[in-house]
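Reading the structure
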Amino acid sequence: MEISTKGLSGKIALVTGGTKGIGKAIADKLASKGATVVVTARKPAEENIEHHFIMADLTNSGDIAELSKKLIEKYGTPDILINNVGGTSSPAGGFQMLSDEDWSRDIELNLLASIRLDKVIVPRMIEKNSGAVIHISSLNGKIPLYQSNFSYGVMKSALNAYSKTLANEVAKHGIRVNTVSPGMVRTTAMETFLQSYAQSIGKTVTEASQEIMASLGGVPMNRLAEPEEIANMVAFLVSDDAGYITGTNILVDGGTFPAL
Amino acid sequence: MERELSGKLALVTGGTKGIGKSIADRLLEAGATVIVTARSRPTDENLKCHFIAADLTVASEANKLVSEINARYGTIDILVNNMGGSSSPSGGFGALADEHWENDLQLNLQSAVRLDRAILPQMVERKSGVIIHISSVTGAVPVYESLGAYAVAKAALNNYSKSLSKEFSPKGIRVATVSPGMVKTDTMEGYLQSLSDASGLSVEEVTTNLMNSLGGIPMGRMALPAEIAELVGFLVSPRASYITGVNYIIDGGTNPSL
């Protein structure tokens, strides 16, 4: 039996926030499976990347319209859309540290950016009666951490609900929509977050990391994920091997989530 | 049991009609002093509740409301964030513009965030208090044809309430969520009428469709507002002293999963 390693041959994939961290790992993995990959970010990557690049700030609706136009003119309607962009710059220290502006930023980056991009891309997928959409969420959508990233977790829960409703709506059009929820992942963004959190609680980065892992209830695998481990799940979910999987939220968390 | 909230000061948002009014009545029966807010004075006023007008979708109103309550009545022991809803159109994902998402998030999440933020310091100082967030079964079992943005906002509210409970339970404050299914109120009737108008189907048909989109209601009917109020009345009472961080779905059996 011949096993094809080029399962995504001929597919066009768009990966947001695709120039570093998890997004880059996803872009690399999809390309290795044969997809033509277009990445977006607010600015080009520091080192040369082999993927096609379109600059866009997804918190700006004008940029989204431009991105969609350029993408479709140059490459066609994507088969695969990875909504990876997300994050937070809100202060740690609990609920009362968060201003209305912090909430607005987290709503924009973690929910509305994906909604706006889906709104221009998914109708094109509907025209083709096929497509696979992934929303990159976070374990904090299911296990929120008030002390380190309160509003981020809230918006990831919102993203999870949104992803599910979209999945239910577009299943009849041959489009699968799923969420992937990583636990802690070893990226520079995580490093930056831990440094900032460590500073806010007056501990070292190692202590801050351990504290977060403990407040999640412990990580059975006792380490952070590698970005590639998240990318593996994403590549599987967008492939035909996952043809009956839609509307799910798959945790990639080293065993952290404690409940059934 | 009848006067178990004697001496307590309770604030119920959106407390002049529907579920909020039932909750206010229930807390009154239990002996609480009850303040209700809404954007405008109700026509048939419940004279045993104190009314203060406030539009909690306006950022500055939360602090203003709390200051007025503190000045006139004292510190707040019980907060029921009942206000919520949606004026977003049906028609699925494509029908929702940015402003619909923003409005639903403001009404169902941000208003509660601002009010909780304004009230928590006094509860923390007294090392006691109860905060209830009224959510919706759609926060756990989202629907898409109509109420898509509402369901997403309620899912956000559920996470928010849970996080708040984890942070403030150690400080003596209980925080819980109550998620009703369909409830027989004027607002619900107005909503079903709007669905009927938009689709050309009868009110009965849109009601059945909505129930079906939730997977059906085993009890075969909507809740009465008083039934929701009973659960809230229990949760804010001393009998619920070990209950925090929960999301109790009260939906006639709708939620299909464990």
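Right above here is the structure, for reference.
Below is a summary of the structure that appears in this document. Please read these numbers as outputs of a predicted model, since none were measured by experiment. (Residues numbered from 1 in each chain as written. Chains lettered and ligands numbered in written order. Predicted model: local features only at pLDDT ≥ 70, side-chain atom pairs only at ≥ 80, totals over all residues.)

Moving on to the overall build of chain B. The helix and strand inventory of chain B stands at seven helices and seven strands. Each helix and strand of chain B, ordered N terminal to C terminal, gives the series β-α-β-β-α-β-α-β-α-β-α-α-α-β. Over its C-alpha atoms chain B spans a radius of gyration of 18 Å, differing by no more than 12% from the 18 Å that the globule rule assigns to 258 residues. Within chain B, buried positions represent 51% of all 258 residues. Taking the intrachain contacts of chain B between residues at least 6 apart in sequence as the baseline, contacts between residues at least 24 apart amount to 72%. (Helix = DSSP H or I, 4+ residues; strand = E, 2+ residues; numbered from the N terminus. Rg over C-alpha atoms; globule rule 2.2 N^0.38 Å. Buried ≥ 20, exposed ≤ 12 C-beta atoms within 10 Å, placed from the backbone. Contact = placed C-beta atoms within 7 Å.)

Here we take up the overall build of chain A. Assigned secondary structure in chain A consists of seven helices and seven strands. Ordered by position from N to C terminus, the α and β elements of chain A give β-α-β-β-α-β-α-β-α-β-α-α-α-β. Over its C-alpha trace chain A gives a radius of gyration of 18 Å, about what one expects of a compact globule, namely 18 Å for 260 residues. By residue count, 50% of the 260 residues in chain A fall in the buried class. Within chain A, contacts between residues separated by at least 24 positions form 72% of all contacts whose residues are at least 6 apart in sequence.

Residues and elements named next belong to chain A. Here we have seven strands laid out as an open sheet, ordered E3-E2-E1-E4-E5-E6-E7, and parallel in their pairing. Either end of the sheet is taken by a strand with one partner, and the two such strands are strand E3 (52-55) and strand E7 (249-252). In this sheet, neighbouring strand axes are inclined to one another by 20° on average, regardless of whether the strands run parallel or antiparallel. In terms of strand pairing, strand E2 (residues 36-41) meets E3 through four bridges, oriented parallel. (Pairing = 2+ DSSP bridges. Axes fitted to C-alpha atoms, helices over the stretch in contact; angles between N-to-C directions.)

With that settled, the discussion passes to unusual backbone geometry. All names here are of chain B. Here Lys 127, not a glycine, exhibits a phi torsion of approximately 60°, which is positive. Its place among the elements puts Lys 127 in the loop between helix H3 (98-126) and strand E5 (129-134). A tally of 9 C-beta atoms within 10 Å means that Lys 127 is categorised as exposed. Backbone geometry at Leu 147 places phi at a positive 65°, although glycine is not the residue there.

Before going further, it helps to spend a moment on the interface of chain B and chain A. Across the contact, 28 residues belong to chain B and 26 residues belong to chain A. Among the secondary structure elements, those contributing two or more residues to the side of chain B that touches chain A are H3 and helix H4 (148-168) of chain B. No other element matches H4(B), which puts 14 residues into the side of chain B that touches chain A.

This paragraph deals with the packing of helix H1 (residues 18-29) of chain B against helix H7 (residues 225-235) of chain B. Residues and elements named next belong to chain B. Put simply, H1 and H7 touch, their axes get as near as 8 Å, and they point 50° apart. Comparing the axis directions of H1 and H7 gives the class oblique. The interaxial crossing formed by H1 with H7 has right-handed handedness. Contacts between H1 and H7 involve Gly 18, Ile 19, Ser 22, Ile 23, Asp 25, Arg 26 and Leu 27 on the former and, on the latter, Pro 225, Ala 226, Ile 228, Ala 229, Glu 230, Val 232 and Gly 233. (Parallel < 35°, antiparallel > 145°, perpendicular 65-115°, else oblique. Left-handed = near helix turned anticlockwise from the far one by under 90°.)

What follows deals with the nonpolar core. Counting 145 residues, the largest nonpolar core has Ile82(A), Ala158(A), Val234(A), Ile132(B) and Ala156(B) as the members making the most contacts within it. Beyond its immediate stretch of four places on either side in the chain, Ile82(A) contacts Ala13(A), Leu14(A), Val15(A), Thr16(A), Ile26(A), Ile134(A), Ile136(A) and Val234(A). (Core = buried A, V, L, I, M, F, W, Y, C linked by C-beta atoms within 7 Å.)

Residue and element names in this part refer to chain B. Pairing is parallel across the open sheet formed by seven strands, whose spatial order is E3-E2-E1-E4-E5-E6-E7. Unpaired on one side and paired on the other, strand E3 (50-53) and strand E7 (247-250) mark the two borders of the sheet. Taken pair by pair, the neighbouring strands of this sheet meet at an average axis angle of 20°, ignoring direction. Across four bridges, strand E6 (residues 173-180) lies against E7 in parallel orientation. If you follow Pro 180 over to E7, its bridge partner there is Ile 250. On the sheet, H4 packs against E5, E6 and E7 and is oriented at approximately 160° with respect to E6.

Moving on, we get to the environment of Val39(A). Residue and element names in this part refer to chain A. By the secondary structure assignment, Val 39 is in strand E2. A tally of 29 C-beta atoms within 10 Å means that Val 39 is categorised as buried. Sequence spacing of Val 39 and His 52 is 13 residues, and the spatial spacing of their C-alpha atoms is 6.1 Å. Ignoring any residue separated from it by four or fewer positions in sequence, one finds Val 39 in contact with Val 15, Gly 18, Thr 19, Gly 23, Ala 27, His 51 and Phe 53.

Once that is clear, we can look at helix H4 (residues 146-170) of chain A. Residues three or four positions apart in an α-helix share a direction because the helix packs 3.6 residues into each turn. Residue and element names in this part refer to chain A. If you check H4, its first and last C-alpha atoms are 34 Å apart, about what 25 residues at 1.5 Å a residue would give, namely 36 Å. Of all bends in H4, the biggest is about 40°, found at Tyr 152. Buried residues dominate H4, accounting for 24 of its 25 residues. (Expected span 1.5 Å × (residues − 1). Bend = angle between axes of the 7 residues up to and from the residue.)

Moving on, we come to H1(B). Residue and element names in this part refer to chain B. With 12 residues, H1 ought to run about 16 Å at 1.5 Å a step, and its terminal C-alpha atoms sit 17 Å apart, in line with that. In terms of burial, H1 is largely enclosed, as nine of its 12 residues are buried. Along H1, the residues that are buried comprise Ile 19, Gly 20, Lys 21, Ser 22, Ile 23, Ala 24, Asp 25, Arg 26 and Leu 27. Directly after H1, the chain includes Gly 31, whose backbone phi takes a positive value near 100°.

As a further point, take the pairing of strand E1 (residues 9-13) of chain B. Looking along a regular strand, one sees side chains alternate from face to face of the sheet. The element E1(B) is extensively covered by neighbouring structure, given that four of its five residues are classed as buried. The parallel pair E1(B) and strand E2 (residues 33-38) of chain B is bridged by H1(B), and the resulting crossover is right-handed. (Right-handed = clockwise from strand over helix to strand, strands pointing away.)

All names here are of chain A. Where burial is concerned, most of E2 is hidden: five out of the six residues are buried. By the bridge criterion, five bridges tie strand E1 (residues 12-16) to E2 in an arrangement that is parallel. Note that in E2 the partner of Thr 16 across the bridge is Thr 40. Crossover handedness for the path E1 to helix H1 (residues 21-32) to E2: right-handed.

Another point: the packing of helix H3 (residues 100-128) of chain A against H3(B). Remark: H3(A) packs on H3(B), axes separated minimally by 13 Å, with the N-to-C direction vectors making an angle of 145°. You can see that H3(A) and H3(B) cross each other, and the crossing is right-handed. On the side of H3(A), the interface is formed by Trp103(A), Ile107(A), Leu112(A) and Ile115(A), while H3(B) contributes Trp101(B), Leu105(B), Gln110(B) and Val113(B). Broken down by class, the residue content of the contact of H3(A) with H3(B) amounts to seven nonpolar, one polar and no charged. (Nonpolar A, V, L, I, M, F, W, Y, C, P; charged D, E, K, R; others polar.)

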